[in-house]
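Now for the letters of each chain:
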Amino acid sequence: MTHTGSRIPLLERDAVSPEMAATYDALLAARGVVPNMFKMLAYAPPIAQGVAGFLKPLLSDGALKGWYKELVAVRISVLNNSEYAIRAHTTSARQKGAPEQKIASMQNFESGPFDEKEKLGFRLADRLHAGASGVDDAFYAQLSPAFSHAEVVELFLTAAAFEMFPRFIDGLRIPVTPPPAAK
């Protein structure tokens, strides 16, 4: 059964508090569009602002490149069959400089143009998707020498966070955010 429309109406900028409007403005400036997820989170402004504050450093360049973490989010979104999240993080990966060949290879990364370290990170995402017990000591022994401690933290947190967001988005049937307008 196909469903159209979200379970709760999305809040546009003219319907939100001044603090939330400032969050919308910051998202628009950074992404070129206010994601529909934030138009839903606007019903709970402190949570919306907390999520925005959490995602900005998580998906920015850190120990790992921001575009790679966006591709980890795409991988988890593929595994969760979340069209919204696949499109959102594909767009963000592209905006952050991910090569098109890599973006196009997320369905089957093993045969894609990724180096072994990148593939290992996606394998971690696949294992975490199945459950934390999938990251057994033998797998961690492969992962650990390839990634610094800071990279491991970012990798695990990115994969884990994007198990949560598709469930929130798809459970409330939040429609896919239109792509940013061409500049």
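Residues numbered from 1 in each chain as written. Predicted model: local features only at pLDDT ≥ 70, side-chain atom pairs only at ≥ 80, totals over all residues. Heavy atoms only, no water.

**Some thoughts on helix α3 (residues 45–59)**
The line we're drawing: Here a helix means four or more residues in a row that DSSP labels H or I, a strand means two or more in a row labelled E, and each is numbered from the N terminus. Expected span of a helix: the number of residues minus one, times 1.5 Å. For every residue, the accessible area obtained with a 1.4 Å probe (protein chains only) is divided by the maximum for its type, and the residue is called buried under 20%, exposed over 50%, and partly exposed between those limits. The directions from the helix axis to the C-beta atoms form the arc being described. Here, residues are in contact when the closest pair of their heavy atoms is within 4.5 Å.
Its 15 residues give α3 an end-to-end C-alpha distance of 21 Å, which sits within 8% of 21 Å, the value for a rise of 1.5 Å per residue. Here α3 has its buried residues at Ala48, Val51, Ala52, Leu55, Leu58 and Leu59. End-on, the buried residues of α3 take up no more than an arc of 140°, which puts them together on one face. Exposed residues lying more than 90 degrees from the buried face of α3 are Pro46, Lys56 and Pro57. Here the buried face of α3 lies against α1 (18–31), α2 (36–41), α4 (66–79), α5 (83–95) and α9 (149–171).

**Some thoughts on unusual backbone geometry**
Positioned with a positive phi, Asn81 is a non-glycine residue whose angle comes to about 55°. Here Asn81 lies in the loop between α4 and α5. Of note in this structure, Arg173 is not a glycine but carries a positive phi near 55°. Relative to the elements of secondary structure, Arg173 occurs in the segment after α9. Exposure remark for Arg173: the relative accessible area of 28% places this residue in the partly exposed category.

**A closer look at the nonpolar core**
For the record, the criterion: The term nonpolar core refers to a set of buried residues drawn from Ala, Val, Leu, Ile, Met, Phe, Trp, Tyr and Cys, joined through side-chain atoms within 4.5 Å.
Counting residues in each nonpolar core, the largest one holds 52 residues, and the members touching the most others are Met37, Phe38, Leu55, Leu71 and Phe162. Leu71 has contacts with Ala93, Ala98, Lys102, Ile103, Met106, Phe114 and Phe122, leaving out every residue within four places of it along the chain.

**Some remarks on the pattern of salt bridges**
It is possible for side chains bearing opposite charge to pair when their charged atoms get close. Let me state the cut-off plainly: A pair is scored as a salt bridge if a Lys or Arg side-chain nitrogen falls within 4 Å of a carboxyl oxygen belonging to Asp or Glu.
Scanning the entire structure with this criterion turns up 13 salt bridges. Between Lys102 and Glu118 there is a salt bridge, with its nearest N and O atoms 2.9 Å apart. One end of the pair, Lys102, is in helix α6 (residues 100–103); the other, Glu118, is in helix α7 (residues 116–130), with 16 residues separating them in the sequence. The partner of Arg123 in a salt bridge is Glu110, and the shortest N-O contact between them spans 2.7 Å. Placement of the pair is Arg123 in helix α7 and Glu110 in the loop between α6 and α7, with a sequence separation of 13 residues. Taking relative accessible area as the criterion, Glu110 reaches 35% and is therefore assigned partly exposed.

**What to know about the environment of Phe122**
For Phe122, the position within the fold is in helix α7. Phe122 sits in the buried class, given a relative accessible area of 0%. Residues Phe122 and Leu155, spaced 33 residues apart in sequence, show a C-alpha to C-alpha distance of 9.1 Å. Not counting chain neighbours up to four residues away, the residues in contact with Phe122 comprise Tyr68, Leu71, Val72, Arg75, Met106, Phe109 and Phe114.

**A word on the packing of aromatic side chains**
Worth spelling out the cut-off: Here a Phe, Tyr or Trp ring, Trp counted by its six-membered ring, pairs with any other such ring whose centre lies within 6.5 Å, and the pair is stacked when the planes are under 30 degrees apart, edge-to-face when over 60, and tilted otherwise.
Within this structure, the stated rule accounts for 5 aromatic pairs. Centre to centre, the rings of Phe109 and Phe122 are 5.3 Å apart; their planes meet at 55°, and the pair counts as tilted. Placement of Phe109 in the loop between α6 and α7 and of Phe122 in helix α7 is noted, with a sequence separation of 13 residues between them. Taking the relative accessible area as the measure of exposure, Phe109 reaches 3% and is therefore buried. For the pair Phe162 and Phe165, a centre-to-centre distance of 5.4 Å together with 45° between the ring planes defines the contact as tilted. Remark: Phe165 and Phe162 occur in helix α9; sequence separation between them is 3 residues, near one turn of the helix. The same class applies to Phe162 as to Phe165, namely buried. Taken together, Trp67, Tyr68, Phe109, Phe114 and Phe122 form an aromatic cluster joined through their ring pairs.

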